[in-house]
Amino acid sequence: QVQLVESGGGLVQAGGSLRLSCAASGRTFSSYAMGWFRQAPGKEREFVAGIKWSGGSTYYADSVKGRFTISRDNAKNTMYLQMNSLKPEDTAVYYCAADTRWRSMVISRDRNNYAYWGQGTQVTVSS
């Protein structure tokens, strides 16, 4: 069993920044890719960013590329999402997720490859 707990969400003005954290427990965190997804009201859950198990590769949705940075600290079993230059369209519930595949060489944007999910943290960007 894997437990994921997100934190760091909140209300911020457009152009501002937030840093999300995802604390993991229950499995060897360092052996699995991790991802951030988000879901806005009335919309499907979408991929935001992913990071390889080693932290050596990252992958971003086009909508956040250049503004968001994903990282992980395997010694602390924690993943982060630094969000800069936030826009109202970034408003959503943000979820962290853990990949099912041990030491996968690819970062998936398909949510079906992520078996474990946190409870989500709300990010609201005002205009």
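Only a predicted model underlies this, so the values are computations on that prediction, with no experimental measurement involved. (Residues numbered from 1 in each chain as written. Predicted model: local features only at pLDDT ≥ 70, side-chain atom pairs only at ≥ 80, totals over all residues. Heavy atoms only, no water.)

### Some points on the side chain of T121
Logical step 1: Tracing the sequence through the fold places T121 in strand β11 (residues 121-126).
Logical step 2: Judged by its relative accessible area of 11%, T121 is buried.
Logical step 3: Engagement of the side chain of T121 in a polar contact is seen with the backbone nitrogen of G9, the distance being 3.2 Å.
Logical step 4: Sequence-distant contacts of T121, that is, excluding residues within four places in its chain, are made with E6, S7, G8, G9, L20, A92, V93 and Y94. (Helix = DSSP H or I, 4+ residues; strand = E, 2+ residues; numbered from the N terminus. Buried < 20%, exposed > 50% of the residue type's maximum accessible area, 1.4 Å probe, protein only. Polar contact = N/O pair within 3.5 Å; in protein donor to acceptor, adjacent residues only side chain to side chain. Contact = heavy atoms within 4.5 Å.)

### Describing the state of the cysteines
Logical step 1: For the structure on display, the rule yields 1 disulfide.
Logical step 2: Between the sulfur of C22 and that of C96 lies a disulfide, 2.1 Å long from S to S. Its S-S torsion of approximately 60 degrees makes the covalent link between C22 and C96 right-handed. Separated by 74 residues along the polypeptide, C22 in strand β3 (residues 18-25) and C96 in strand β9 (residues 92-102) bring together distant segments of the chain. In terms of burial, C22 and C96 fall into one category: buried. (Disulfide = S-S within 2.5 Å.)

### Focus: the sheet that holds β3
Logical step 1: Ordered in space as β1-β3-β8-β7, the 4 strands form an open sheet in which the pairing is antiparallel. The sheet is open, and its two borders are formed by β1 (3-7) and β7 (68-73), each paired with just one other strand. Ignoring which end each strand starts from, the neighbouring axes of this sheet average 15 degrees apart. (Pairing = 2+ DSSP bridges. Axes fitted to C-alpha atoms, helices over the stretch in contact; angles between N-to-C directions.)

### Comments concerning the nonpolar core
Logical step 1: If you look at the biggest cluster of nonpolar residues, it comprises 34 residues, and the most contacted ones within it are W36, M79, L81, M83 and Y94.
Logical step 2: Ranked by residue count, the leading element in this core is β9, at 5 residues. (Core = buried A, V, L, I, M, F, W, Y, C linked by side-chain atoms within 4.5 Å.)

### A closer look at the environment of I51
Logical step 1: Its location among the elements puts I51 in strand β5 (residues 46-51).
Logical step 2: The exposure class assigned to I51 is buried, which follows from its relative accessible area of 2%.
Logical step 3: Residues I51 and W36 lie 15 residues apart in sequence; the distance between their C-alpha atoms is 9.0 Å.
Logical step 4: Beyond its immediate chain neighbours, meaning those up to four positions away, I51 contacts A33, M34, S57, T58, I70, S71, R72, M79 and I107.

### Looking at the packing of aromatic side chains
Logical step 1: Following the criterion strictly, the structure yields 5 aromatic pairs and no others.
Logical step 2: Here F37 and Y114 contribute two aromatic rings whose centre-to-centre distance is 5.1 Å and whose plane-to-plane angle is 75 degrees, an arrangement assigned as edge-to-face. With a gap of 77 residues between them, F37 in strand β4 (residues 32-39) and Y114 in strand β10 (residues 114-117) connect regions that are remote in the sequence. In this pair, the class of F37 matches that of Y114, namely buried. (Phe/Tyr/Trp six-rings, centres within 6.5 Å; stacked < 30°, edge-to-face > 60°.)

### Some words on the pairing of β5
Logical step 1: Burial analysis of β5 places 5 of its 6 residues in the buried class, which makes it a mostly covered element.
Logical step 2: Two elements, β4 and β5, share 5 bridges in a ladder whose sense is antiparallel. Bridge pairing in β5 places M34 opposite I51.
Logical step 3: Hairpin connection, β4 to β5: the antiparallel pair is bridged by 6 residues, and G42 has positive phi, about 75 degrees.
Logical step 4: Counted along the chain from β5 to the antiparallel partner strand β6 (residues 58-60), the turn is 6 residues long, and its residue G55 has a positive phi close to 85 degrees.

Geometric descriptors of this kind do not, in isolation, establish any biological role.
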